[in-house]
Amino acid sequence: MTHPNSQAPAAAVLVINSGSSSVKYALFENQNTHASLQGAAERIGTADAFIQWKLGEQQQKLNTAHAKVAEILELVFEQVKNHLGDLSLLTAVGHRVVHGGEHFSAPCLITDDNLAKLSSLSHLAPLHNPANLQAIEIIGQQYPKLAQVAVFDTAFHQSMPEKAFRYALPNAFYRQHGIRRYGFHGTSHQFVAGQTVEKLQLDPSQHGLIVAHLGNGCSATAVVNGQSRDTSMGFTPLEGLMMGTRSGDLDPSILLFMQQQLGMSPEAISHCLNKESGLLGISEYSNDMRSLLQAQAQGNPLAQLAIDMFVYRLAKTIAGLAVALPQFDALVFTGGIGENSAPIRELCVQQLHLLGLKLDREQNLCHGQDQQGLISQASSRVRVAVIATNEEWHIAAQTQALVQS
Ligand code: ADP
């Protein structure tokens, strides 16, 4: 499948998403929105590390015990070279970089200057940005002539007005320490908003949308005329919606209680809020929505509670974000849960009935397949749609566009 109306890579672009112990990668060629080569190296540096990849229909897996990130990247480039026949056919590498702070409101070409700016932002995302930077530096040393581009999770949200991005803390926390709401999942929100405008034939210069990206991480964004005006994630991806293992919004005093009354260390609190909470913490069963829906159908009361909380908090956030819109044209679901789970969409739209949303149940069941993703009734005050995200392709397209310009 190709997106003829969107700016698309004309040659080969390698997209890299490098984490603290994993490297995910995808190679996009010409205008194809599907990666020709796609893979992931997991548990890097450990005894049970491995890399697995898919080339067309062919799947392969290799043990990479104790291999370092540089060796993993070398393996990835070997695969790219084998597939393309010649590495000079690789136009550029696009990196998913989690945090661009206030410096970056768009993707940037990696230069010494931009690399220095990026390094200065590591304290804002200490678990993610250093890993992104490491991959950029290794590839820069190995292939100095190859263009590299950083595409930021935060950049799309730099258009939020100050009233939306500030916390009501004394100003010094923002001015001296950069404590503000940044928002994340920007690549997905931007891509899905663009697709929605095309598919629902909205006016590109006059529309208001709410995009709900519901995967393991979840966030919702109010988009006005192609720009983010508010979003549910904040200083970190922990704020906002209830997620697979993340708590989302909490009374901040709970953290003090955990520390002072329960004697928990900062590390233990962080682990609890990021890894043990959300759907997993409430259900005591799974962080995976599919498993929870099955457990709920079998009468598991905690799975039921986890789903009820997830949906209620999602609808409450969507209703809250509606205040950022001058007009509410469409609510759009995306991400693994948003694209695949008809029951979650139905429950969420039911909870939003006061806003005049009316679901077409049949279309919802087939994810709007027959109607460009549309799953609402003609009489619905706000249209409701399912639009698949393709963050990696969007990173490739943005990388290609920047390199060409
Ligand atoms: P990530 O944020 O890691 O990219 P995904 O976007 O793939 O994650 O979303 C993962 C979530 O999507 C999981 O909770 C999974 O259960 C859910 N999901 C995938 N398919 C379905 C489905 N058919 N029904 C319900 N949930 C689904």
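Throughout what follows, the structure given in this document is the object of discussion. Bear in mind that the values here come from a model prediction, so they are computed numbers and not experimental data.

## Describing the pairing of strand β6 (residues 90–97)
- Of all 8 residues making up β6, 6 are buried, and the element is well covered by its neighbours.
- The pairing of strand β1 (residues 12–18) with β6 spans 5 bridges and is parallel. Bridging from a neighbouring strand, A12 pairs with L90 of β6.
- Alignment of β6 against strand β8 (residues 147–152), held across 6 bridges, turns out to be parallel. Residue pairing across strands places G94 opposite V149, the latter belonging to β8.

## As for helix α3 (residues 129–142)
- A rise of 1.5 Å per residue sets the reference length of α3, with its 14 residues, at 20 Å; its end C-alpha atoms lie 20 Å apart and thus fit the reference within 8%.
- Residues N129, A131, N132, L133, A135, I136, I138 and I139 constitute the buried set of α3.
- In this structure, the buried side of α3 is in contact with β1, α1 (69–84), β6, α2 (112–119) and β8.

## Concerning the packing of aromatic side chains
- Tallied over the full model, the rule gives 5 aromatic pairs.
- When the ring of F77 is compared with that of Y143, the centres are 4.3 Å apart and the planes differ by 15°; the resulting orientation is stacked. Of this pair, F77 sits in helix α1 while Y143 sits in the loop between α3 and β8, and the two are 66 residues apart along the sequence. No difference in accessibility class separates F77 from Y143, as the two residues are buried.
- Cation over ring: R180 sits above F165, and NZ or CZ is 3.6 Å from the ring centre.
- Cation over ring: R180 sits above Y182, and NZ or CZ is 4.8 Å from the ring centre.

## Some points on the packing of α1 against α3
- Where α1 contacts α3, the two axes come as close as 10 Å, and the packing angle between them is 60°. With respect to their mutual orientation, α1 and α3 come out oblique. Of the two elements, α1 crosses α3, and the hand of that crossing is right-handed. Where α1 approaches α3, its residues V69, A70, L73, E74 and F77 are matched on the opposing element by Q134, A135, I138, I139 and Q142.
- Of the residues belonging to the contact of α1 with α3, the class tally is 7 nonpolar, 2 polar and 1 charged.

## Focus: the pattern of salt bridges
- Under the defined criterion, the tally for this structure stands at 8 salt bridges.
- Of the charged contacts in the structure, one is a salt bridge between R96 and D153, with a shortest N-O distance of 2.6 Å. On the criterion of sequence distance, the pair formed by R96 in strand β6 and D153 in the loop between β8 and α4 (162–165) is long-range, its members being 57 residues apart.
- Residue class for R96 comes out partly exposed when judged on its relative accessible area of 21%.
- The exposure class assigned to D153 is buried, which follows from its relative accessible area of 3%.

## So, the sheet that holds strand β9 (residues 208–214)
- Strand order in this open sheet of 5 strands is β11-β10-β9-β12-β13, and the pairing throughout is mixed. Edge positions in the sheet fall to β11 (227–231) and β13 (383–386), since each of these pairs with one other strand and no more. Across this sheet, the average inter-strand angle for adjacent strands is 25°, counted without regard to direction.
- Where strand β10 (residues 218–224) and β11 come together, 4 bridges link them in antiparallel fashion. Its bridge partner being in β11, A222 is matched across the sheet by D230.
- Across the face of the sheet, helix α6 (residues 186–199) comes into contact with β9, β10 and β12 (330–334) while running at roughly 130° to β9.

## Remarks on the site of the ligand
- Taken together, the neighbourhood of the ligand is formed by G215, N216, G217, D288, M289, R290, L293, G335, G336, I337, N340 and S341.
- Between the ligand and D288 there is a distance of 2.5 Å, counted from an oxygen atom to a side-chain nitrogen or oxygen.
- For the ligand, an oxygen atom lies 2.9 Å from a polar atom in the backbone of G336.
- Compared with its free state, where it exposes 580 Å², the ligand has 69% of that area covered by protein.
- Counting only elements with at least two residues in the shell around the ligand, the list comes to α10 (289–297) and α12 (335–340).
- When residues of the shell around the ligand are assigned to their parent elements, the largest contribution, 4 residues, is made by α12.
- When the residues that make up the shell around the ligand are grouped by side-chain class, the tally is 3 nonpolar, 7 polar and 2 charged.

## Comments concerning the packing of helix α11 (residues 301–321) against helix α13 (residues 342–351)
- Contact geometry for α11 and α13: axes closest at 9 Å, N-to-C directions at 50°. It follows from the interaxial angle that α11 and α13 lie oblique. In terms of crossing hand, the pair formed by α11 and α13 is right-handed. Of the residues in α13, those in contact with I307, F310, V311, Y312, L314, A315 and I318 of α11 are I344, L347, C348 and Q351.

## Things to note about the sheet that holds strand β7 (residues 108–109)
- If you walk across this open sheet you meet the 8 strands as β5-β4-β3-β2-β1-β6-β8-β7, and the pairing is mixed. On the outer flanks of this sheet lie β5 (58–63) and β7, each paired with one strand and no other.

Calculation notes
- Residues numbered from 1 in each chain as written.
- Predicted model: local features only at pLDDT ≥ 70, side-chain atom pairs only at ≥ 80, totals over all residues.
- Heavy atoms only, no water.
- Buried < 20%, exposed > 50% of the residue type's maximum accessible area, 1.4 Å probe, protein only.
- Helix = DSSP H or I, 4+ residues; strand = E, 2+ residues; numbered from the N terminus.
- Pairing = 2+ DSSP bridges.
- Expected span 1.5 Å × (residues − 1).
- Contact = heavy atoms within 4.5 Å.
- Phe/Tyr/Trp six-rings, centres within 6.5 Å; stacked < 30°, edge-to-face > 60°.
- Lys NZ or Arg CZ within 6 Å of the ring centre and 35° of its normal.
- Axes fitted to C-alpha atoms, helices over the stretch in contact; angles between N-to-C directions.
- Parallel < 35°, antiparallel > 145°, perpendicular 65-115°, else oblique.
- Left-handed = near helix turned anticlockwise from the far one by under 90°.
- Nonpolar A, V, L, I, M, F, W, Y, C, P; charged D, E, K, R; others polar.
- Salt bridge = Lys/Arg side-chain N within 4 Å of Asp/Glu carboxyl O.
- Near = heavy atom within 4 Å.
- Polar contact = N/O pair within 3.5 Å; in protein donor to acceptor, adjacent residues only side chain to side chain.
- Areas by Shrake-Rupley, 256 points an atom, 1.4 Å probe, with all protein chains shown as cover.

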